[in-house]
Amino acid sequence: MIPAIEFLWFPFLACLVLTGIHVYLGLHVLARGVIFVDLALAQVAALGITVALLAGHAIQSDAAYWYALTFTVGGSVLFSASRFHRAPIPQEAIIGIVYAVSAAVAVLVVDRAPQGGEHIKQLLVGSLLTVNPAEIGTLALLYAVIGTIHWFIRRPLLKISFEPKAAASQGLWIRWWDFLFYASFGLVVTSSVRIAGVLLVFSYLIVPAAVAALLSNSVTGRLLIGWGLGFIVSVLGLVASAAWDLPTGATVVTTFGIFFAAVPLGLGMRVLFRAIKVQGISALTGPGVAAFAAVALAGLLLLVLPRMDHHWLNWLEEAAPTVQFTFLNQDERETYQESYESVQRGLAEMEQLRTKQQEVRWGTQEMSVEMQERLRQYLASRSEITAGDQLALKHLRSKARERQRFWLGLPLLGLGAVGALTLLRAKRSHYRDNH
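Residues numbered from 1 in each chain as written. Predicted model: local features only at pLDDT ≥ 70, side-chain atom pairs only at ≥ 80, totals over all residues. Heavy atoms only, no water.

**So, the overall build of the protein**
Thinking step 1. Within the protein, the regular secondary structure consists of 17 helices and 0 strands.
Thinking step 2. Relative to its full complement of 435 residues, the protein shows a buried share of 40%. (Helix = DSSP H or I, 4+ residues; strand = E, 2+ residues; numbered from the N terminus. Buried < 20%, exposed > 50% of the residue type's maximum accessible area, 1.4 Å probe, protein only.)

**Focus on the pattern of salt bridges**
Thinking step 1. For the coordinates displayed, the defined rule picks out 9 salt bridges.
Thinking step 2. We note a salt bridge from Lys 399 to Glu 332, for which the minimum N-O separation is 3.3 Å. Of the two residues, Lys 399 is situated in helix α17 (residues 369-434) and Glu 332 in helix α16 (residues 330-362); the sequence distance between them amounts to 67 residues.
Thinking step 3. In this structure, the salt-bridge partner of Glu 332 is Arg 403, at a minimum N-O distance of 3.0 Å. Of the two residues, Glu 332 sits in helix α16 while Arg 403 sits in helix α17, which places them 71 residues apart along the sequence.
Thinking step 4. Taking the relative accessible area as the measure of exposure, Glu 332 reaches 7% and is therefore buried.
Thinking step 5. The network of salt bridges with common partners includes Arg 307, Glu 402 and Arg 405. (Salt bridge = Lys/Arg side-chain N within 4 Å of Asp/Glu carboxyl O.)

**Things to note about the packing of aromatic side chains**
Thinking step 1. Within this structure, the stated rule accounts for 6 aromatic pairs.
Thinking step 2. Aromatic side chains Phe 12 and Phe 231 sit 5.8 Å apart centroid to centroid with 70° between the ring planes, which places their arrangement in the edge-to-face category. Of the two residues, Phe 12 sits in helix α2 (residues 9-32) while Phe 231 sits in helix α11 (residues 219-243), which places them 219 residues apart along the sequence.
Thinking step 3. Centre to centre, the rings of Phe 325 and Tyr 336 are 5.6 Å apart; their planes meet at 80°, and the pair counts as edge-to-face. (Phe/Tyr/Trp six-rings, centres within 6.5 Å; stacked < 30°, edge-to-face > 60°.)

**Some remarks on a nonpolar patch on the surface**
Thinking step 1. Judged by side-chain polarity, Leu 16, Phe 231, Ile 232, Val 235, Leu 236 and Val 239 come together as a nonpolar surface patch covering roughly 450 Å² of accessible area.
Thinking step 2. Counting residues per element, the nonpolar patch draws most heavily on α11, at 5 residues.
Thinking step 3. Summarising the element assignment, Ile 232 is placed in helix α11.
Thinking step 4. In this structure Ile 232 comes out as partly exposed when scored by relative accessible area, which is 39%. (Patch = residues over 30% accessible without salt bridge, like charges linked within 9 Å, V, L, I, M, F, W, Y side chains within 5 Å. Areas by Shrake-Rupley, 256 points an atom, 1.4 Å probe, with all protein chains shown as cover.)

**Topic: the environment of Ile 206**
Thinking step 1. In this fold, Ile 206 is placed in helix α10 (residues 174-215).
Thinking step 2. Linking Ile 206 and Leu 30, residues 176 residues apart in sequence, is a C-alpha distance of 7.3 Å.
Thinking step 3. When neighbours within four sequence positions are excluded, Ile 206 is seen to be in contact with Val 29 and Ile 35. (Contact = heavy atoms within 4.5 Å.)

**A few points about the nonpolar core**
Thinking step 1. Counting residues in each nonpolar core, the largest one holds 60 residues, and the members touching the most others are Leu 25, Val 37, Phe 79, Tyr 143 and Phe 185.
Thinking step 2. Residue assignment for this core shows that the elements contributing at least two residues are α2, α3 (37-54), α4 (62-83), α5 (91-111), α7 (133-152), α10, α11 and α12 (248-279).
Thinking step 3. In terms of residues, this core owes the most to one element, α10, which gives 18 residues.
Thinking step 4. Formed by 8 residues, the second largest nonpolar core is a distinct cluster that contains Phe 325, Leu 328, Leu 393 and Leu 396. (Core = buried A, V, L, I, M, F, W, Y, C linked by side-chain atoms within 4.5 Å.)

**A look at helix α14 (residues 311-319)**
Thinking step 1. Leu 313, Asn 314 and Glu 317 are the residues of α14 that are buried. Seen from one end, α14 has its buried residues packed into an arc of 105°, which puts them on one side. Exposed residues pointing more than 90 degrees away from the buried face of α14 are listed as Trp 315, Glu 318 and Ala 319. (Arc of directions from axis to C-beta.)

**As for a negative patch on the surface**
Thinking step 1. A grouping of Asp 331, Glu 334, Glu 338 and Glu 341 is seen on the molecular surface, where their side chains present a negatively charged patch.
Thinking step 2. Within the element layout of this structure, Glu 338 appears in helix α16. (Lys, Arg positive; Asp, Glu negative; His and termini not counted. Charge placed at Lys NZ, Arg CZ, Asp CG, Glu CD.)

**Details of the side chain of Thr 251**
Thinking step 1. Inspection of the secondary structure assignment puts Thr 251 in helix α12.
Thinking step 2. By relative accessible area, Thr 251 is classed as buried at 9%.
Thinking step 3. Ignoring any residue separated from it by four or fewer positions in sequence, one finds Thr 251 in contact with Gly 237, Ala 240, Ser 241 and Leu 246.

**With respect to the layout of surface pockets**
Thinking step 1. Considered as a void within the structure, the largest pocket measures approximately 560 Å³ in volume.
Thinking step 2. Taken together, the elements giving at least two residues each to the lining of the largest pocket come down to α14, α15 (322-325), α16 and α17.
Thinking step 3. In terms of residue class, the lining of the largest pocket is made up of 8 nonpolar, 7 polar and 7 charged. (1 Å grid on protein atoms, 1.4 Å probe; cavity = no way out; pocket = protein on both sides within 12 Å on 5 of 7 lines; lining within 4 Å. Points joined across faces, edges and corners; volume = space filled by probe spheres on them. Nonpolar A, V, L, I, M, F, W, Y, C, P; charged D, E, K, R; others polar.)

**Remarks on the packing of α2 against α7**
Thinking step 1. Their axes nearest at 10 Å, the elements α2 and α7 cross at an angle of 15°. Classed by the angle they form, the pair α2 and α7 counts as roughly parallel. You can see that α2 and α7 cross each other, and the crossing is left-handed. Counted together, Phe 10, Leu 13, Ala 14, Val 17, Leu 18, Ile 21, His 22, Tyr 24 and Leu 25 of α2 and Pro 133, Ile 136, Leu 139, Ala 140, Tyr 143, Ile 146, Gly 147 and His 150 of α7 form the full contact between these two elements.
Thinking step 2. When the residues that make up the contact of α2 with α7 are grouped by side-chain class, the tally is 14 nonpolar, 3 polar and no charged. (Axes fitted to C-alpha atoms, helices over the stretch in contact; angles between N-to-C directions. Parallel < 35°, antiparallel > 145°, perpendicular 65-115°, else oblique. Left-handed = near helix turned anticlockwise from the far one by under 90°.)

Here it is as structure tokens:
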């Protein structure tokens, strides 16, 4: 693990550089309400790179960068011109059209290039693992210059982003300031997409700014929270990708999504606890109705669609196997137990072998090319055997579901419906008593 962490040092520095500039720009994007402008400009930059690829230039070449920058500047001119233009089409619609068309044209262009699917994947999730110190240094210097420029012109840009009506009334040169903002923004996006990809660039721009907006009202507070979140997510995402041998860019984006879901959930729980202190147990009526409705829905789905994936029932059966074994006969139970044990042995063995593969990849263990190929073939065959055992388990589970649909589905449907109706009546009665 230590060599893997050392190997991720440069990707981590690249993530910090991305965090520094993208969080600040994300505050402007969020305040302006043009949430997908980053995604659109990133896709425009990706389109420029694909055109360069078709022209015979490598994705990481200087020519591809200038292609992307040219396309992005064109998009910046369009977005700055459309922001305050009086037209029946809102700017978000223009941004969405530009994104969709750019993505479609990029697919058409890449379709003509060899290994087009790999190029699309690289443009989406980037290639953080291959970033080198020279690229990080160049990126940091460029973003430092752009950040310095934004520091000197922060007042008019913040005015336009956070107080657009006041900015318009004061006669600021809105179009020119907007063009400068979008041009510098496009330069940042073009440079970031080369190493981080479209999805990661969008995540660094929007997610920290959105979470910070939930936690603070001041620009300074949002900046500090956004930078802190970017740092934490970068560390956790990269460590998770190394620990579980996952694609780096996709893992970091997923980590952003987890934090984005956790913060509103935590704020909602805080509001609920405050309501309980003020209103007492009656504050739980709403969540209680929702919980009973979920129980009724689970019972209804089990009753009507027993063969669909009922994950809640799968988790319950893993915790208490009797819930499933009760609905299987003796032969089916024995078959299930044998297949289950075989699957567990297969998964444990494959995990050990994949760990060995990872150690070879990180350079902590030596293995000949022939042995690596044998290991790969054995993993493939073992995976097929395990898949067969899992198919047998799925077949037995479907048999149990057919028998559970009435014995579990009907009681759950009744319990959920009665519970929800009872709480709703109690809430109405409480409302009438207090009004």
